[in-house]
Amino acid sequence: MAILRDLQARLSGRVRSSVSLRKHTTWRVGGPAEILVEPTGIEDLRLVLQYARERGIPLTVVGNGSNLLISDQGLNGIVVKLGSEMSRIEIGEGFIEVEAGAKLANILAAAREAGCGGLEFMAGIPASVGGAVAMNAGANGSSIGDRVLEATVVDLDGKIHLRSHDELGFGYRTCALQDTPAIVVSVKFGCFPKSAAAIRAEVEQYLARRKQTQPLEYPSAGSVFRNPPGGAAGRLIELAGAKGMRIGDAEVSRKHANFIVNLGAAKSRDIRQLMLQVQKLVNEHTGIWLEPEVKLLGKHEAIE
Ligand SMILES: Cc1cc2nc3c(=O)[nH]c(=O)nc-3n(C[C@H](O)[C@H](O)[C@H](O)COP(=O)(O)OP(=O)(O)OC[C@H]3O[C@@H](n4cnc5c(N)ncnc54)[C@H](O)[C@@H]3O)c2cc1C
């Protein structure tokens, strides 16, 4: 395949064709990526963006795949995954600078060792930094955007920009990058002195609470729907009686109604269909149409 050969010749990172994306999502569903690229740095990234743009090839960026519903047909074109190849973590006076592929858990561990506090709230969010910034992931009353000082991004033309906190336009589970697509390459977080013991204790408390309230024993993508203004999606789903609803191996969690779990062999289509049933049921009960928080990628067949 020409794209495969071309990219393998140009990039230092891994380039593969027909790679199942199941293993690249926490829901463990989804078909293959036509081409999967794992860049090793900003130059690789720029080269692949330039290559795709010049030839009009569709390009999708993914992080740890913890907020994605990828269709069973998979994704055409190039999928760029920012993961362990771009996960450098550097700690300075009052800040932590990390590459976009670093996992939040690893950043928290490095912050704890260095006595850098302020990031504990993210404990248990299974995200890469890039995905967490793009989604403005949050928990325990804080969001990742609250701690971001600045981020380096590459636009689809391959140009590099340094974006300040304000330019990133953080909002509830969103940021400006969702409207003006650009890829996060690295992020600088502010932090403050805090003892490793205090950080550890807080993190353990958050993790224990998650274990108690979330179905972590099954593959999922966390909360499926955004909270509507003034309410909690999980509560509405529970009141509508949707807990335990099941299609194939996709089930509305009995532990946390805003989670849909994969009991083993769920297909993307099962999850999509179940999402729609939940939306309809909640709408019948409350008049509210829940909007997905998860990102649907690829062609999802029309389902009624
Ligand atoms: C068990 C569990 C618990 C969770 N708990 C929480 C929680 O408490 N709070 C919360 O907010 N979320 C939670 N989530 C959801 C998920 O972890 C977040 O949405 C997270 O921000 C997704 O990061 P990711 O790296 O997995 O991104 P992905 O799922 O891979 O991608 C998400 C979006 O970000 C974009 N993206 C990814 N990387 C980049 C990049 N480098 N540059 C630009 N765009 C990029 C993708 O194109 C996509 O649109 C949970 C998920 C699970 C499975």
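Criteria and cut-off values
- Residues numbered from 1 in each chain as written.
- Predicted model: local features only at pLDDT ≥ 70, side-chain atom pairs only at ≥ 80, totals over all residues.
- Heavy atoms only, no water.
- Helix = DSSP H or I, 4+ residues; strand = E, 2+ residues; numbered from the N terminus.
- Rg over C-alpha atoms; globule rule 2.2 N^0.38 Å.
- Buried < 20%, exposed > 50% of the residue type's maximum accessible area, 1.4 Å probe, protein only.
- Areas by Shrake-Rupley, 256 points an atom, 1.4 Å probe, with all protein chains shown as cover.
- Lys, Arg positive; Asp, Glu negative; His and termini not counted.
- Charge placed at Lys NZ, Arg CZ, Asp CG, Glu CD.
- Arc of directions from axis to C-beta.
- Contact = heavy atoms within 4.5 Å.
- Domains from an automatic or database assignment.
- Buried area = accessible area lost by both parts, 1.4 Å probe.
- Polar contact = N/O pair within 3.5 Å; in protein donor to acceptor, adjacent residues only side chain to side chain.
- Near = heavy atom within 4 Å.
- Axes fitted to C-alpha atoms, helices over the stretch in contact; angles between N-to-C directions.
- Left-handed = near helix turned anticlockwise from the far one by under 90°.
- Pairing = 2+ DSSP bridges.

Caption draft 1: Quick peek at the overall build of the chain. Across its full length, the chain carries 7 helices and 18 strands. Against the 2.2 N^0.38 benchmark of 19 Å for 304 residues, the chain shows a C-alpha radius of gyration of 19 Å, consistent with a compact globule. Structurally, the chain occupies a C-alpha span of about 55 × 50 × 30 Å along its principal axes. For the chain, buried positions account for 50% of its 304 residues. Carbon and sulfur atoms make up 49% of the accessible area of the chain, which amounts to about 13,900 Å² in all. Separation between the mean location of the 36 positive side-chain charges and that of the 33 negative ones in the chain comes to 5 Å.

Caption draft 2: Structural view of helix H1 (residues 2-10). For H1, every residue scored as buried is listed here: Ile 3, Leu 4 and Leu 7. Viewed end-on, H1 has its buried residues packed into an arc of 100°, placing them on one side of the element. Exposed residues pointing more than 90 degrees away from the buried face of H1 are listed as Arg 5 and Ala 9. Packed against the buried residues of H1 are strand S1 (14-20), strand S2 (32-38), helix H2 (42-55) and strand S5 (75-81).

Caption draft 3: Representation of unusual backbone geometry in the model. If you check the backbone angles, Ser 18 has positive phi at about 50° while not being a glycine. Mapped onto the elements of the fold, Ser 18 is located in strand S1. Unusually for a residue other than glycine, Asn 140 sits at a positive phi of about 55°. Relative to the elements of secondary structure, Asn 140 occurs in the loop between strand S9 (138-139) and strand S10 (142-143). Of the residues examined, Asn 140 reaches a relative accessible area of 34% and is grouped as partly exposed.

Caption draft 4: Region of interest: the domain arrangement of the chain. Domain parsing of the chain yields domain 1 (2-84), domain 2 (88-212) and domain 3 (233-297). One C-alpha centre belongs to domain 1, the other to domain 3, and the line joining them spans 28 Å. Opposite the 12 residues of domain 1 that make contact, domain 3 presents 14 residues. Both sides together, the interface formed by domain 1 and domain 3 hides about 1,100 Å², and carbon and sulfur atoms give 59% of it. Considering only the surface of domain 1 that becomes buried against domain 3, Trp 27, Asn 67 and Leu 69 emerge as the three largest contributors, covering 58% of it. At the boundary of domain 1 with domain 3, the tally comes to 10 residue pairs in polar contact (both at pLDDT 80 or more).

Caption draft 5: Examining the site of the ligand more closely. Taken together, the neighbourhood of the ligand is formed by 33 residues, with Val 61, Gly 63, Ser 66, Ser 128 and Gly 138 sitting nearest. One of the side-chain nitrogen or oxygen atoms of Arg 210 is found 2.8 Å away from an oxygen atom of the ligand. Here the element with the most residues in the shell around the ligand is helix H4 (residues 129-135); it accounts for 5 residues. Counting contributing residues per domain, the shell around the ligand is built from domain 1 (2-84) and domain 2 (88-212), each supplying no fewer than three.

Caption draft 6: Just the packing of H1 against H2, in detail. For the pair H1 and H2, interaxial distance at closest approach is 11 Å and the crossing angle is 150°. Along this stretch, H1 crosses H2, giving a crossing that reads as right-handed. Contacts between H1 and H2 pair Ala 2, Ile 3, Asp 6, Leu 7 and Arg 10 from the former with Leu 47, Val 48, Tyr 51 and Arg 55 from the latter.

Caption draft 7: Representation of the sheet that holds strand S6 (residues 89-92). Spatial strand order, S6-S7-S13-S11-S12: 5 strands in an open sheet with antiparallel pairing. Among the strands making up the open sheet, the edge pair consists of S6 and strand S12 (160-164). Taking each pair of neighbouring strands and ignoring which way they run, the sheet shows an average axis angle of 20°. Note that S6 and strand S7 (residues 95-99) share 4 bridges and pair antiparallel. Its bridge partner being in S7, Ile 89 is matched across the sheet by Val 98. Packed on one face of the sheet, H2 meets strand S11 (148-155), S12 and strand S13 (182-190) and runs near 40° to S11.

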